[in-house]
Amino acid sequence: MSIDRAATDAAERCLYCPKMCRFACPVAHESARETLTPWGKMSLVSLALARSQAPLPSGVEQIFRKARALFDGGAAWPLDADAAEILYACTGCLRCRTWCEHENDVPHALLQARAIAAERGLAPAGAHAVVERFERHGHTQQGDLAQAIARLTEDSAVSPGSTSVLFAGCEAPLSNPNSVRATLRAASRLNAPLALAKEPLCCGRPLFEAGFRDRFKKEVSRAWERLGDREVVALSATCVRALTEDARAVGVEPRGPVIHATTYLARRLGPDVQALPLPGRVAWHDPCQLGRGLGEYDSPRRLLEASLAAGYVEAPTSREQANCCGAGGLVPETYPELAQAMAMSRADELRSTGLEKVATACPSCARALSAAGLDVVDVVELAADWLCGPEPAKEP
Ligand code: SF4
Ligand code: SF4
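First, a word on what this report is: a plain description of the structure on this page.

Parameters and conventions
Residues numbered from 1 in each chain as written. Chains lettered and ligands numbered in written order. Predicted model: local features only at pLDDT ≥ 70, side-chain atom pairs only at ≥ 80, totals over all residues. Heavy atoms only, no water. Helix = DSSP H or I, 4+ residues; strand = E, 2+ residues; numbered from the N terminus. Buried < 20%, exposed > 50% of the residue type's maximum accessible area, 1.4 Å probe, protein only. Contact = heavy atoms within 4.5 Å. Areas by Shrake-Rupley, 256 points an atom, 1.4 Å probe, with all protein chains shown as cover. Near = heavy atom within 4 Å. Nonpolar A, V, L, I, M, F, W, Y, C, P; charged D, E, K, R; others polar. Pairing = 2+ DSSP bridges. Axes fitted to C-alpha atoms, helices over the stretch in contact; angles between N-to-C directions. 1 Å grid on protein atoms, 1.4 Å probe; cavity = no way out; pocket = protein on both sides within 12 Å on 5 of 7 lines; lining within 4 Å. Points joined across faces, edges and corners; volume = space filled by probe spheres on them. Salt bridge = Lys/Arg side-chain N within 4 Å of Asp/Glu carboxyl O. Core = buried A, V, L, I, M, F, W, Y, C linked by side-chain atoms within 4.5 Å. Domains from an automatic or database assignment.

### A look at the overall build of the chain
In terms of regular secondary structure, the chain is built from 21 helices and 8 strands. Within the chain, buried positions represent 57% of all 396 residues. Pairs at least 24 residues apart make up 78% of the contacts formed inside the chain by residues separated by at least 6 positions. Carbon and sulfur atoms make up 52% of the accessible area of the chain, which amounts to about 16700 Å² in all.

Below, the structure written as structure tokens:
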């Protein structure tokens, strides 16, 4: 495993940057550690990994490299266990990219560096714990996923004419099975029924984030074997990215298109879809992977506008600038206190709208913000209640 050219260049740019995006990083903000700023993490990538493999530069870059040699002697840093831990202090939220003149993709570089750390036996305990849970249960969540999926397939009406399949992942069926049922209900009502994959499937993204790419490749290949070549609709944008770009990063070509559930449902909205909007109002939390990751900001907002008579309220930071709730990038495993602090900060920001009820479109965000004391609902649940009427909550 080596760092690719895009990551090498990005790390080099960060090394000489006056930390322009420092304020944007939720990890740096909560930890108050320079080392955990995007600059600190990417400088480590450059000095410990990228510099040693960078090809001979030319032109302006050559002058730049000479200046660097004068500045610090061109020295490299060793990648040891303490340094490797720093690579795991990133939620993958991409918020730094919003303020970066170069649009540097920091997580892209850090995830490659994590893979190198894992290869060298330097992954932290939290990353190993994820792999061990995968080996035992086939996913990283608490609970019996096979039983949860069996219940969902028993009590969910699925049209045999479905041409697209709902990939529920491992988190939603266990933490909020109503969101899975709601997606199926809303899709049927919009004349676009979805089939539900009948066996427990996980995209394997936590393995990718932990740096264990061979293990991730096995898991994502298995998912695609089961999904076939139909259109896949996922409840989590993290699953969308894992089944597509992360899969490609390990040499697995997606067999069909993958889109988020809010995109799928919002495409079917139109003047012919009429129902009485629900009472109440919610604050909206943009999931990082859905917004900055997939560029999908409008579909969940269209569903909220249609579903609620009083609509929704934007958080003080939203869309490209939305703050992160701390649930991604394996940070809850590797830096649990920081993850909790990020969730509390985002919850306080959402509360400042005057609302305690928050809608989002990501099972991980929902879990983190619920733990921070908010009343959280998935936008697909609101859409299903609007379109089909409320369904009595069913226990998993
Ligand atoms: S991501 Fe961009 S703004 Fe942030 S430290 Fe790197 S070069 Fe600077
Ligand atoms: S992706 Fe998010 S957590 Fe990672 S360095 Fe950038 S701002 Fe910080």
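### Looking at the site of ligand 1
Ligand 1 sits among Cys14, Cys17, Met20, Cys21, Cys100, His102, Asn104 and Val106. Looking at side-chain class alone, the shell around ligand 1 contains 6 nonpolar, 2 polar and no charged residues.

### With respect to the sheet that holds strand β2 (residues 194-196)
What the 4 strands build is an open sheet, ordered β2-β1-β3-β4; its pairing is parallel. Every other strand in the sheet has two partners, leaving β2 and β4 (258-260) as the edge strands with one partner each. The average angle at which neighbouring strand axes cross in this sheet is 35°, direction not considered. Pairing between strand β3 (residues 231-234) and β4: 3 bridges, direction parallel. Bridging from a neighbouring strand, Val232 pairs with Val258 of β4.

### Focus: the environment of Ala275
Tracing the backbone shows Ala275 in the loop between α15 (261-266) and β5 (282-284). Between the C-alpha atom of Ala275 and that of Leu387, which follows or precedes it by 112 residues, the distance is 6.0 Å. Setting aside residues no more than four positions away along its own chain, Ala275 makes contact with Trp386 and Leu387.

### Some points on unusual backbone geometry
Peptide bonds are, in most cases, trans, and in most cases residues other than glycine have a negative phi. For Lys19, which is not glycine, the phi dihedral falls at a positive 55°. By the element assignment, Lys19 lies in the loop between α1 (5-15) and α2 (26-31). Judged by relative accessible area, which is 29%, Lys19 ranks as partly exposed. Positive phi is not limited to glycine here, since Leu94 has a value of about 65°. Judged by relative accessible area, Leu94 falls into the buried class, the value being 3%.

### A short note on the pairing of strand β7 (residues 357-360)
Looking at chain direction, β5 and β7 are connected through 2 bridges and run parallel. Across the sheet, the residue bridging to Ala283 is Val358, located in β7. In the sheet, β7 pairs with strand β8 (residues 375-378) via 4 bridges, with the strands oriented parallel. Across the sheet, Val358 pairs through a bridge with Val376, a residue of β8.

### Describing the layout of surface pockets
Reported here for the largest pocket is a volume of approximately 740 Å³. Mapped by element, the contributors of at least two residues to the lining of the largest pocket are α8 (125-137), α10 (172-175), α12 (205-210), α14 (237-249), α16 (288-293), α18 (331-334) and α20 (363-371). Broken down by element, the lining of the largest pocket gets its largest block of residues, 4 residues, from α20. Of the residues that constitute the lining of the largest pocket, the class distribution is 20 nonpolar, 12 polar and 6 charged.

### Comments concerning the pattern of salt bridges
All told, the structure shown has 22 salt bridges when counted by the stated rule. One salt bridge connects Arg215 with Glu135, and the closest N-O pair in it is separated by 2.5 Å. With Arg215 in helix α13 (residues 213-227) and Glu135 in helix α8, the pair connects residues that are 80 residues apart, well separated along the chain. We classify Arg215 as buried; its relative accessible area is 15%. Owing to a relative accessible area of 48%, Glu135 belongs among the partly exposed residues under this scheme. Residues Glu225 and Arg226 are paired through a salt bridge, measuring 3.6 Å at the closest nitrogen-oxygen approach. Of the residues examined, Glu225 reaches a relative accessible area of 54% and is grouped as exposed. When salt bridges that share partners are traced, they join Glu135, Glu199, Arg215, Glu219, Arg222, Glu225 and Arg226 into one network.

### A look at the nonpolar core
Formed by 74 residues in total, the largest nonpolar core has its most connected members in Leu79, Leu87, Phe167 and Leu243. Counting residues per element, this core draws most heavily on helix α7 (residues 106-119), at 8 residues. Formed jointly, this core draws a minimum of three residues from each of two domains, domain 1 (5-119) and domain 2 (145-388). Counting residues in each nonpolar core, the second largest holds 41 residues, with Ala186, Ala187, Leu196 and Leu290 among its members.

### Describing the sheet that holds β5
Taken together, 4 strands build an open sheet; the order of strands is β6-β5-β7-β8 and the sheet is parallel. If you trace the sheet from one side to the other, it starts and ends with β6 (312-314) and β8, each paired once. Within the sheet, the average angular offset between the axes of one strand and its neighbour, ignoring direction, is 35°.

### Side note on empty space enclosed by the protein
Within the structure shown, the criterion is met by 3 cavities of 30 Å³ or more. In this structure, the largest cavity spans a volume of roughly 80 Å³. The wall of the largest cavity is formed by 15 residues, among which Cys25, Cys90, Cys93, Leu94 and Cys96 lie closest to the centre. Where the lining of the largest cavity is concerned, the elements lending two or more residues are α2, α3 (38-53), α6 (95-98) and α7. Its residues placed into classes, the lining of the largest cavity shows 11 nonpolar, 2 polar and 2 charged.

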